[in-house]
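Each chain is listed here by its residues.
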Amino acid sequence: TLTRADAEAIAKVQGVKAVAPENYGSAQLRYLEKNKNASVVGVTGTFREAKALTLSQGVATNHVDDEQRSRIVVLGANVAKELYGAASPLGMRLQVNGIAFRVVGVLLEKGSGMGSPDDSVYVPLATHQNVLFGQDHLSTISIQAESEGASAAVKANVGRVLRLRHGIRDGN
């Protein structure tokens with residue numbers, strides 16, 4: 001089971017540029033009379049760098065939002081269009097599984113594909129874990145290497161760190 005401490009240990013690996021611990025869940029989103037089921041991703045302030053995502057408007061979550069379990073949300077481009085149409089959703093309220101959140105940002109459209117960020121919403125990781133879904137483990141940890149040439153060494157070293165932290169022998 002991956003934890004925040006694992007992500008912190010990975011961030012110290014030589015050649016790692018960005019680390020983004022993430023949690024995934026599915027939730028009912030509601031704005032006025034519009035409803036949508038969507039993937040809700042719990043993230044830290046490093047997620048945009050690690051995933052190479054850009055905001056089209058507003059701001060992203062940061063470490064303070066995470067520490068305070070803020071009820072803020074960044075929308076994927078498709079979610080913003082489906083729920084808010086042509087209007088700017090910034091500052092608007094969005095119900096996530098019946099809990100009120102304030103929209104603070106919208107991601108630039110990335111394009112379709114399985115797991116597209118356009119179809120997801122992003123909340124602070126601690127909010128995801130403690131307010132929405134009650135989980136203390138992570139779904140995944142995204143990692144960006146400092147350079148493409150370093151990625152094989154980074155992958156090997158990250159694997160070594162995780163095996164050590166979880167008491168798993170090489171080959172298991």
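Refer to the structure above for everything that follows.
Residues numbered from 1 in each chain as written. Predicted model: local features only at pLDDT ≥ 70, side-chain atom pairs only at ≥ 80, totals over all residues. Heavy atoms only, no water.

Novice: Where do I start with the overall build of the protein in this structure?
Specialist: Check the secondary structure of the protein and you find 6 helices and 8 strands. Secondary structure elements in the protein, listed N-terminal to C-terminal, are α-β-β-α-β-α-β-α-β-β-β-α-β-α. In terms of overall size, the protein behaves like a compact globule, its C-alpha atoms giving a radius of gyration of 17 Å where 172 residues would be expected to give roughly 16 Å. Residue burial in the protein is summarised as follows: out of 172 residues, 44% are buried. A separation threshold of at least 6 residues defines the contact pool for the protein, and within that pool the share at least 24 residues apart is 71%. By element, 48% of the accessible surface of the protein is carried by carbon and sulfur atoms, the whole surface being about 9,000 Å². In the protein, which carries 19 positive and 16 negative side-chain charges, the distance between the mean positions of the two groups comes to 2 Å. (Helix = DSSP H or I, 4+ residues; strand = E, 2+ residues; numbered from the N terminus. Rg over C-alpha atoms; globule rule 2.2 N^0.38 Å. Buried < 20%, exposed > 50% of the residue type's maximum accessible area, 1.4 Å probe, protein only. Contact = heavy atoms within 4.5 Å. Areas by Shrake-Rupley, 256 points an atom, 1.4 Å probe, with all protein chains shown as cover. Lys, Arg positive; Asp, Glu negative; His and termini not counted. Charge placed at Lys NZ, Arg CZ, Asp CG, Glu CD.)

Novice: Just checking my understanding: could you explain the pairing of strand β1 (residues 16–31) for this structure?
Specialist: The side chains of a regular strand alternate between both faces of the sheet. The pairing of β1 with strand β8 (residues 140–145) spans 6 bridges and is classified as antiparallel. Along β8, the bridge assignment pairs valine 19 with isoleucine 143. Strand direction decides the pairing type here: β1 and strand β2 (residues 34–43), joined by 9 bridges, are antiparallel. From the neighbouring strand, glycine 25 faces β2, where its bridge partner is valine 40. (Pairing = 2+ DSSP bridges.)

Novice: What is the right way to look at helix α6 (residues 151–166) in this model?
Specialist: Each turn of an α-helix holds 3.6 residues, which means side chains three or four residues apart point in the same direction. Here α6 contains 16 residues, and its C-alpha end-to-end distance of 22 Å stays within 8% of the 22 Å for a straight helix at 1.5 Å per residue. Within α6, burial applies to Val154, Val158 and Gly159. Buried positions in α6, seen along its axis, are confined to an arc of 135° and lie on one side of it. Pointing more than 90 degrees away from the buried face of α6 are the exposed residues Ala152 and Leu164. (Expected span 1.5 Å × (residues − 1). Arc of directions from axis to C-beta.)

Novice: Help me out: how do you make sense of the packing of aromatic side chains in this one?
Specialist: Any aromatic ring pair is given by two values, namely how distant the centres are and how the planes are angled relative to each other. What the rule picks out here adds up to 2 aromatic pairs. Plain terms: the ring middles of tyrosine 31 and tyrosine 84 are 4.2 Å apart, the flat faces sit at 40° to each other, and that makes the pair tilted. Here tyrosine 84 lies in helix α4 (residues 77–84) and tyrosine 31 lies in strand β1, a separation of 53 residues in the sequence. Of the two residues examined, tyrosine 31 and tyrosine 84, each falls in the buried class. Between phenylalanine 47 and tyrosine 122, the ring centres sit 5.1 Å apart and the planes meet at 20°, which makes this aromatic pair stacked. In this pair, phenylalanine 47 sits in helix α2 (residues 47–51) while tyrosine 122 sits in strand β7 (residues 120–124), placing the two residues 75 residues apart along the sequence. Each member of the pair phenylalanine 47 and tyrosine 122 is classed as buried. (Phe/Tyr/Trp six-rings, centres within 6.5 Å; stacked < 30°, edge-to-face > 60°.)

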